[in-house]
Amino acid sequence: MRTVYFSSSARVVAGLHVVVRDRAGLERFAANAAPGDGAARAAMVRAGRGADFSRSVLVGWTATTGCSAATAAALDVVGDRLAVRIRQPRQPPECFAVSRVAAVFEVPKQRMPERPVFG
């Protein structure tokens with residue numbers, strides 16, 4: 001699995017995760033994930049343009065990371081379960097605003113469970 005898009009600075013809606021099976025699905029995910037951030041929406045769609053949907057799917061994921069900005073994200077597929085590992089620095093002692101992350105991963109179709117469980 002490879003990360004095709006990652007941002008810890010995009011203004012995104014946290015808690016979204018979806019398997020994207022075509023370009024229209026990617027555009028829907030981007031619009032739902034970053035409704036107030038046109039640059040982030042465009043970057044997500046642009047990042048997914050190279051996907052070969054005959055061989056792979058994309059997984060879009062947004063999350064709240066707490067009070068420190070994430071530096072990387074990776075997708076794990078174990079059985080039917082999809083989980084994102086987020087790398088970030090230690091949380092500061094005071095928090096003035098939560099950080100969020102948006103990521104899009106390319107996954108070969110043979111690795112994608114038929115009924116994925118997001119967790």
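So, here's what we can say about the structure.

### Details of the environment of Gly15
And step 1. In this fold, Gly15 is placed in the loop between strand 1 (2-7) and strand 2 (17-20).
And step 2. Residue contacts for Gly15: discarding those within four places in its chain leaves Thr62 and Ala63.

### Side note on the sheet that holds strand 2
And step 1. Judged by pairing direction, the sheet is antiparallel, and its 4 strands sit side by side in the order 1-6-3-2 without closing on themselves. The sheet terminates laterally at strand 1 and strand 2, the two strands that pair on one side only. Taking each pair of neighbouring strands and ignoring which way they run, the sheet shows an average axis angle of 15°.
And step 2. Helix-sheet contacts for helix 2 (residues 38-47) involve strand 1 and strand 6 (99-108), and the interaxial angle to strand 1 is about 170°.

### With respect to the sheet that holds strand 4 (residues 72-78)
And step 1. Here we have 3 strands laid out as an open sheet, ordered 4-5-7, and mixed in their pairing. One side of each edge strand has no neighbouring strand; the edge strands of this open sheet are strand 4 and strand 7 (117-118).
And step 2. Looking at chain direction, strand 5 (residues 81-87) and strand 7 are connected through 2 bridges and run parallel. The residue of strand 7 that forms the bridge with Arg81 is Val117.

### Quick notes on the nonpolar core
In summary, soluble globular proteins display a tendency toward joint burial of nonpolar side chains.
And step 1. By size, the foremost hydrophobic cluster in this structure holds 19 residues, and its most contacted members are Tyr5, Met44, Leu58 and Val104.
And step 2. Those elements that place two or more of their residues in this core are strand 1, helix 1 (23-33), helix 2 and strand 6.
And step 3. Residue contacts for Val104: discarding those within four places in its chain leaves Arg2, Thr3, Val4, Tyr5, Phe29, Met44, Leu58, Val59 and Gly60.
And step 4. Counting 15 residues, the second largest nonpolar core, distinct from the first, contains Val19, Ala73, Val77 and Val101.

### Things to note about the environment of Ser99
And step 1. Secondary-structure assignment places Ser99 in strand 6.
And step 2. Spatially, the C-alpha atoms of Ser99 and Ser8 are 7.1 Å apart, while their sequence positions differ by 91 residues.
And step 3. Ignoring anything within four residues of it in the chain, the contact list for Ser99 reads Ala63, Thr64, Thr65, Gly66, Cys67, Ser68 and Ala69.

### Quick look at the pattern of salt bridges
And step 1. Applying the stated rule across the entire model yields 3 salt bridges.
And step 2. Arg2 serves as the salt-bridge partner of Glu106, at 2.8 Å between the closest nitrogen and oxygen. Placement of Glu106 in strand 6 and of Arg2 in strand 1 is noted, with a sequence separation of 104 residues between them.
And step 3. What makes Glu106 buried here is its relative accessible area of 14%.
And step 4. A relative accessible area of 45% places Arg2 in the partly exposed class.
And step 5. Between Arg55 and Asp52 there is a salt bridge, and its shortest N-O distance comes to 3.5 Å.
And step 6. Judged by its relative accessible area of 60%, Arg55 is exposed.

### Comments concerning the pairing of strand 3 (residues 56-66)
And step 1. Taking burial as the measure, the 11 residues of strand 3 include 10 buried ones, the bulk of the element.
And step 2. Both strand 2 and strand 3 contribute to a ladder of 4 bridges, which runs antiparallel. Residue Val18 lies in a different strand from strand 3, and its bridge partner there is Gly60.
And step 3. The pairing of strand 3 with strand 6 spans 10 bridges and is classified as antiparallel. Looking at the pairing, Thr62 lines up with Ala102 of strand 6.

Conventions and cut-offs
Residues numbered from 1 in each chain as written. Predicted model: local features only at pLDDT ≥ 70, side-chain atom pairs only at ≥ 80, totals over all residues. Heavy atoms only, no water. Helix = DSSP H or I, 4+ residues; strand = E, 2+ residues; numbered from the N terminus. Contact = heavy atoms within 4.5 Å. Pairing = 2+ DSSP bridges. Axes fitted to C-alpha atoms, helices over the stretch in contact; angles between N-to-C directions. Core = buried A, V, L, I, M, F, W, Y, C linked by side-chain atoms within 4.5 Å. Buried < 20%, exposed > 50% of the residue type's maximum accessible area, 1.4 Å probe, protein only. Salt bridge = Lys/Arg side-chain N within 4 Å of Asp/Glu carboxyl O.

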